[in-house]
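Fold and contact review
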Amino acid sequence: MGLLSTALGAIGIPVILFLAYTYLSLLRNYIIALKVGVPVRAIPIEQTNPFWMIMDKKVLAFLKQYLPFLRGTSFARFNWRGFEITERYKPHHELGDVYMVSTPGRNWLYLGDPDLAMEMFKRRNDFPRCSELTESLNVFGTNLGTVDAEEWKRQRKIIATCFTEQANAFVWTDAVTRARDMLRYWTSKQSLTTAADDLRTLSLGIMSEVGFGESSKFEGHDERLQAGGTSTTSYKDTLQEILESCVLIMALGPEVLAKLERWLPKKLKSLQYACVVFQSHMTKMYEETKAKIANQASQAKATPRNFLTSLVQASHEMTSEGLTEKQLYGNMFMLAFAGHDTVAHTFTFAMLFLAGSPEVQDWISEEVRAVLGDRNTKDLDYEKDFPRLQRCLAVMYETLRLYNPVGMAKWTDSVTQTMQFGDKTIVIPPNTMVIPSYSSLQTDPRWWGKDSLTWRPTRWIEKSGPNGEEELITPRRGTFISWSEGTRDCPGRKFSKVEFVATMATLFRDWRVDPIPQNGENLTDARKRVLKFIVEDAAPVLLLQMIHPERIPLVWKRR
Ligand code: HEM
Ligand SMILES: *[C@@H]1O[C@H](CO)[C@@H](O)[C@H](O)[C@H]1NC(C)=O
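Residues numbered from 1 in each chain as written. Chains lettered and ligands numbered in written order. Predicted model: local features only at pLDDT ≥ 70, side-chain atom pairs only at ≥ 80, totals over all residues. Heavy atoms only, no water.

1. Overview of the domain arrangement of the protein
Put simply, the rule is: Segmentation of the chain into domains, including their bounds, is taken from an automatic or database domain assignment. Contact between two residues is taken to exist if any of their heavy atoms lie within 4.5 Å; hydrogens are not considered. Once two parts are joined, some of their accessible surface, as seen by a 1.4 Å probe, is lost; buried area is that loss totalled over both. Any Lys or Arg side-chain nitrogen located within 4 Å of an Asp or Glu carboxyl oxygen qualifies as a salt bridge. N or O atoms closer than or at 3.5 Å make up a polar contact, with two conditions inside protein: a donor-capable atom paired with an acceptor-capable one, and, for residues adjacent in sequence, both atoms drawn from side chains. Strands are runs of DSSP state E lasting at least 2 residues, helices are runs of H or I lasting at least 4, and numbering of each runs from the N terminus. Three categories are distinguished: nonpolar for Ala, Val, Leu, Ile, Met, Phe, Trp, Tyr, Cys and Pro, charged for Asp, Glu, Lys and Arg, and polar for the others, with Gly belonging to the last.
Each assigned domain of the protein is listed with its residue range as follows: domain 1 (16–141 + 409–444) and domain 2 (152–408 + 445–478 + 481–558). The centre of domain 1, based on its C-alpha atoms, is set 29 Å off from the matching centre of domain 2. Listed as interface residues are 36 residues of domain 1 and, on the opposing side, 49 residues of domain 2. Around 4000 Å² of area is buried between domain 1 and domain 2 when both sides are counted, 62% of it from carbon and sulfur atoms. At the boundary of domain 1 and domain 2, one finds 3 salt bridges. Notably, a salt bridge pairs Asp115 with Arg476, separated by 3.3 Å at the nearest N-O pair. Counting across the interface, domain 1 meets domain 2 through 19 residue pairs in polar contact (both at pLDDT 80 or more). Elements represented by at least two residues in the side of domain 1 that touches domain 2 include exactly α2 (50–66), α6 (114–122), β7 (432–436) and α20 (438–441). Split by residue class, the side of domain 1 that touches domain 2 holds 19 nonpolar, 7 polar and 10 charged.

Here is the structure:
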């Protein structure tokens with residue numbers, strides 16, 4: 001008896017203390033939030049708790065199924081990272097343009113008004129990025145994504161040297177080449193379940209080439225397997241493994257991973273190994289580039305050919321202002337990640353939306369044919385054709401509008417900030433997360449009309465000019481913020497547009513894609529199923545993405 005109660009006490013007391021501490025924190029935060037004077041909802045776990053993040057969607061789905069009274073509570077609705085996507089503009093319509101969610105960690109303030117969101121973006125120093133959330137990107141060193149203030153300014157100046165028109169033109173030709181190879185591979189398949197995987201291979205290939213100067217040829221999923229693609233030797237494969245396991249690295253932290261090395265299960269061991277191989281690849285490339293630049297110093301100044309050489313060269317020229325070796329690795333990793341994962345997920349969403357929408361495929365094919373005339377897709381020209389492929393770009397915008405892959409989290413850090421909203425002054429306490437509600441802003445019927453939740457790329461095009469030329473509309477400021485806004489916006493905006501448009505134009509000129517009907521469905525049913533599946537399957541991993549795109553077998557047919 002005595003023994004049992006001692007044992008229970010030993011386990012129970014820490015648990016009780018922990019719970020008490022957690023809920024006192026929540027209570028304290030709730031009281032702070034109430035003082036702000038906007039509607040407040042409370043949730044028991046902070047959405048960004050790493051352990052909760054691994055299982056949030058599954059646990060909530062389970063609880064909602066077996067404990068129906070939880071449905072519709074703040075816990076069930078708001079207590080996971082993907083809630084903005086499932087809820088869309090509903091919370092703001094119910095609670096107003098500004099509301100708060102209290103958690104035991106921090107309070108989260110959500111801005112659903114476009115002008116407020118824009119003001120927040122503009123006040124970069126008042127609302128810095130909460131780097132705690134991006135720390136996992138520090139695996140190989142601090143970088144642009146994780147630093148702030150003066151250090152950010154310095155790094156941003158150097159990183160900006162990568163994003164030239166020359167680089168964009170390189171992205172264009174590389175994307176066309178890879179997309180042609182991918183199309184050849186896809187059209188040889190009776191049933192294609194690896195489209196998402198192949199699209200990631202394509203965007204990773206472009207990033208490796210444009211970023212690191214590592215040339216390679218596109219290989220489809222099966223070709224990679226045949227070529228022994230699982231052996232982690234090339235930079236591209238190791239990077240892929242690291243990025244696929246980013247959430248694990250985030251939950252455990254790279255140091256823990258390194259310390260636990262001996263006890264790690266096989267999968268994590270291989271991840272640890274991939275990190276080591278990737279690091280040595282970068283060191284090798286760095287040394288080679290440095291040597292090359294030293295050799296060229298005597299000759300006429302050679303133009304940098306890729307991101308790595310740009311950064312090494314810029315750091316070399318700026319001497320003390322330049323990046324240290326460690327920061328260079330940090331930034332190369334961050335660029336490799338930011339530069340391919342975002343586009344890969346956008347591609348996958350777009351591909352499935354297109355598979356469900358044959359009329360949109362016809363619409364973009366018509367444009368590509370008009371622009372190309374009798375030229376071949378391999379002659380797609382960056383300067384001449386990219387600005388004219390507006391419908392292809394509209395497909396990207398519309399996809400991002402609904403499935404914005406990158407969430408944006410700023411905060412007040414240790415300072416109190418105020419914002420003016422109408423005749424009301426909102427006083428935002430320190431340690432408050434400030435979130436532009438992108439998924440609400442980008443779907444609010446006030447700005448996007450009654451069918452705002454429908455994927456309809458034609459909404460982006462208006463006919464203007466005497467001959468009915470098509471032009472992209474400019475949405476109201478603050479209602480389309482996929483690449484973020486203000487000085488800390490995405491420097492890869494054009495890079496990603498160029499990559500997307502080149503790939504779409506190459507794929508859809510002469511071919512169309514359909515879902516394969518299942519269990520006696522006809523094609524119409526199959527298309528409906530696909531559009532429904534996108535809504536159900538999308539969820540955040542590190543970015544917002546499709547979780548099981550392979551569940552939609554596709555087939556390509558010639559037009
Ligand atoms: C569809 C594609 C893309 C989308 C939707 C996107 C979106 C974003 C967003 C929303 C941010 C700000 C994040 C925040 O405030 O927390 C960001 C930052 C960034 N993106 Fe992108 N991005 C895309 C493609 C790219 C590409 C292709 C590259 C590089 C090749 C890139 C490089 C970066 C970098 C370096 C930053 C950090 C900027 C800074 O902190 O100063 N992105 N991106
Ligand atoms: C497809 O099947 C559905 C019923 O499942 C039917 O209502 C529809 O008319 C069919 N469409 C075509 C084009 O045959």
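Moving on, there is more to tell.
2. Examining the nonpolar core
Using the following cut-off: Definition used in this section: a nonpolar core is a set of buried Ala, Val, Leu, Ile, Met, Phe, Trp, Tyr and Cys residues joined via side-chain atoms within 4.5 Å. Categorising residues by exposure relies on relative accessible area from a 1.4 Å probe, with only protein chains included: less than 20% of the type maximum marks a residue as buried, more than 50% marks it as exposed, and the intermediate range marks it as partly exposed.
Ranked by size, the top nonpolar core spans 137 residues in total, and within it Trp172, Trp186, Met351 and Trp556 carry the most contacts. In terms of residue count, the dominant contributor to this core is helix α16 (residues 325–355) (17 residues). Counting contributing residues, this core receives three or more from each of domain 1 (16–141 + 409–444) and domain 2 (152–408 + 445–478 + 481–558). Formed by 18 residues, the second largest nonpolar core is a distinct cluster that contains Phe75, Ala409, Trp411 and Met433.

3. Examining the site of ligand 2
Let me state the cut-off plainly: Summary of the distance rule: residues count as near a molecule or strand when at least one heavy atom falls within 4 Å of that molecule or strand. Shrake-Rupley sampling with a 1.4 Å probe provides the accessible areas, and residues are treated as covered by the protein chains on show and by no other component.
Every residue near ligand 2 is listed here: Asn522, Thr524 and Asp525. One nitrogen or oxygen atom from the side chain of Asn522 is found 2.4 Å from an oxygen atom belonging to ligand 2. Contacts to ligand 2 include Asp525, whose side-chain N or O atom sits 3.0 Å from an oxygen atom. Burial of ligand 2 by the protein amounts to 27% of the accessible area it has alone, namely 360 Å².

4. Observations concerning the UniProt feature "binding site: heme" (unreviewed entry) in the protein
Stated formally: UniProt positions are given in the numbering used here, feature names are shortened, and annotations may be inferred rather than shown by experiment.
Annotation from UniProt places "binding site: heme" (unreviewed entry) at Cys490. On the secondary structure map, Cys490 appears in the loop between β9 (469–472) and α22 (493–508). The class for Cys490 is partly exposed, based on a relative accessible area of 29%.

5. Some words on the packing of helix α9 (residues 195–212) against α22
Which entries qualify depends on this criterion: Throughout, an axis means a line fitted to C-alpha atoms (over the contacting stretch in the case of helices), and angles, computed between N-to-C directions, take values from 0 to 180 degrees. Orientation is classified from the angle alone, with under 35 degrees giving roughly parallel, over 145 giving roughly antiparallel, 65 to 115 giving roughly perpendicular, and any other angle giving oblique. Crossing handedness follows the turn of the near helix against the far one: under a right angle anticlockwise gives a left-handed crossing, and clockwise gives a right-handed one.
The contact between α9 and α22 brings their axes to 12 Å, and the two run at 130°. Considering the angle they form, α9 stands oblique to α22. Considering the relative orientation of α9 and α22, their crossing is right-handed. Facing Leu202, Ser203, Ile206, Met207 and Val210 of α9, the residues of α22 in contact are Phe495, Glu499 and Thr503.

6. Observations concerning the packing of helix α15 (residues 307–318) against α16
Pairs of packed helices are described in terms of their axes, by the angle between the two and the distance that separates them. At a minimum axis distance of 11 Å, the contact between α15 and α16 shows a crossing angle of 150°. In this view, α15 runs roughly antiparallel relative to α16, as classed from their interaxial angle. Of the two possible hands of crossing, α15 and α16 adopt the one that is right-handed. Note on element contacts: α16 touches α15 through Leu328, Asn331, Met332 and Leu335, opposite Phe307, Leu308, Leu311 and Val312. Partitioned by chemical class, the residues of the contact of α15 with α16 number 7 nonpolar, 1 polar and no charged.

7. A short note on the site of ligand 1
Taken together, 28 residues are adjacent to ligand 1, and Arg129, Trp152, Arg156, Arg488 and Cys490 come closest. A distance of 2.8 Å is found between an oxygen atom of ligand 1 and a side-chain nitrogen or oxygen belonging to Arg488. If you list the elements that add at least two residues to the shell around ligand 1, you get α7 (149–160), α16, α19 (390–402) and α22. Sorting elements by how many residues they give to the shell around ligand 1 places α16 first, with 6 residues. Looking at the shell around ligand 1, its residues break down into 16 nonpolar, 7 polar and 5 charged.

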